[in-house]
Amino acid sequence: MNGRTIFLLAALAGGAILPVQVAINTLLRRYVGEPMQVTFISYLAGTLASLAICLVARYPLPAATSLAQTSWWMWVGGCLGTLYVWSTIFTTPRIGAALALSLTIAGQLIAALFLDHYGALGLTRYAANPTRIAGVVLVILGVSLVSYVKR
């Protein structure tokens, strides 16, 4: 197994975990109430799990000088993740996990295509060529099929 395969499998596994997270968070909402409350619980549990992993792996704390070199907007990732988790908790009970996640994936691909094309936020540039655009269009068509409800 080469290095690229490991990264591809890790990304696939990360994607496979998302519907389980959405289902668990949606179930928790029945007991907790508001989607943002469930989002808070989800992030608190994730923070504690991350802390435990860092402690067990004995990762050192980042150097204060390194942290001081960051820009304020580099700390917004967690806030964006909060919006993602909240949106899935908010939408899944009304439109189902498959449609909520297929729309999420379509949104991710559209945004990622732009980020890659322009090399935004420090990413390596990957041109939005016709093949990549066609791939995103096919995903959007797939979302259309998932959202189709025969009446």
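Along each chain, residues carry numbers from 1 onward, in the same order as the chain's sequence is written. Given that the model is predicted, a residue must reach a pLDDT of at least 70 before its local features are reported, and side-chain atom pairs must reach 80 or more before they are shown or counted; all residues, however, enter totals for whole chains, interfaces and linings. Think of the side-chain values as coming from all heavy atoms in the structure, minus any hydrogens and water.

Quick look at the overall build of the chain
Right, so step 1: Counting secondary structure elements, the chain contains six helices and zero strands.
Right, so step 2: Overall, the chain shows an N-to-C arrangement of helices and strands of α-α-α-α-α-α.
Right, so step 3: Overall size of the chain, expressed as C-alpha extent along the three principal axes, is 60 × 45 × 35 Å.
Right, so step 4: Only protein chains enter the accessibility calculation, which uses a 1.4 Å probe. A residue is then buried if its area is under 20% of the maximum for its type, exposed if over 50%, and partly exposed in between. The buried share of the chain, reckoned over its 151 residues, is 16%.
Right, so step 5: Here, residues are in contact when the closest pair of their heavy atoms is within 4.5 Å. Partitioning the contacts of the chain with sequence separation of at least 6, the portion at a separation of at least 24 is 59%. Per the convention used, a helix needs a DSSP run of H or I reaching at least four residues, while a strand needs a run of E reaching at least two, with both numbered from the N terminus.

Observations regarding unusual backbone geometry
With the exception of glycine, most residues fall at negative phi, and the peptide bonds are largely trans.
Right, so step 1: For Arg58, which is not a glycine, the phi torsion comes out positive at approximately 60°.
Right, so step 2: Inspection of the secondary structure assignment puts Arg58 in the loop between α2 (35-57) and α3 (64-68).
Right, so step 3: Looking at Arg58, the relative accessible area reads 73%, which means it is exposed.
Right, so step 4: In the Ramachandran plot, Leu121 falls in the positive-phi region, its phi being about 55° despite a non-glycine side chain.
Right, so step 5: With respect to the helices, strands and loops of the structure, Leu121 is situated in the loop between α5 (97-118) and α6 (130-147).

Here we look at the UniProt feature "transmembrane region" (unreviewed entry) in the chain
Right, so step 1: UniProt positions are given in the numbering used here, feature names are shortened, and annotations may be inferred rather than shown by experiment. According to UniProt, the "transmembrane region" (unreviewed entry) feature falls on residues 6-28, 40-60, 72-90, 97-115 and 127-149.
Right, so step 2: End-to-end, the C-alpha atoms of residues 6-28 are 32 Å apart, and along that stretch the chain is 100% helix and 0% strand.
Right, so step 3: Span residues 40-60 is 86% helix and 0% strand, its end C-alpha atoms 26 Å apart.

As for the pattern of salt bridges
Right, so step 1: Salt bridge, as used here, is a side-chain nitrogen of Lys or Arg placed within 4 Å of a carboxyl oxygen of Asp or Glu. Scanning the entire structure with this criterion turns up one salt bridge.
Right, so step 2: A salt bridge links Asp116 to Arg132; the shortest N-O distance between them is 2.9 Å. Residue Asp116 is found in helix α5, and its partner Arg132 is found in helix α6; the two are separated by 16 residues along the sequence.
Right, so step 3: Among the residues examined, Arg132 registers a relative accessible area of 30% and is labelled partly exposed.

Some remarks on a nonpolar patch on the surface
Right, so step 1: A cluster of nonpolar side chains, contributed by Leu67, Trp72, Trp73, Met74, Trp75, Leu115, Leu121 and Leu123, occupies part of the molecular surface with about 910 Å² of accessible area.
Right, so step 2: Turning to its location among the elements, Trp73 is positioned in the loop between α3 and α4 (77-95). A patch is a set of surface residues, each over 30% in relative accessible area and not in a salt bridge, joined within 9 Å for like charges and within 5 Å for the nonpolar side chains Val, Leu, Ile, Met, Phe, Trp and Tyr. Surface exposure here means Shrake-Rupley accessible area, sampled with a 1.4 Å probe, where a residue is shielded only by the protein chains that are shown.

A closer look at the side chain of Thr26
Right, so step 1: By the secondary structure assignment, Thr26 is in helix α1 (residues 3-32).
Right, so step 2: For the purposes of these results, a polar contact is taken to be a pair of N or O atoms within 3.5 Å, where, inside protein, one atom must be able to donate a hydrogen and its partner to accept one; residues adjacent in sequence count only when each atom of the pair is a side-chain atom. Of note is the side chain of Thr26, whose polar atom sits 2.7 Å from the backbone oxygen of Val22.
Right, so step 3: Dropping the residues within four chain positions of it, Thr26 is found in contact with Thr88, Ile89, Thr92 and Pro93.

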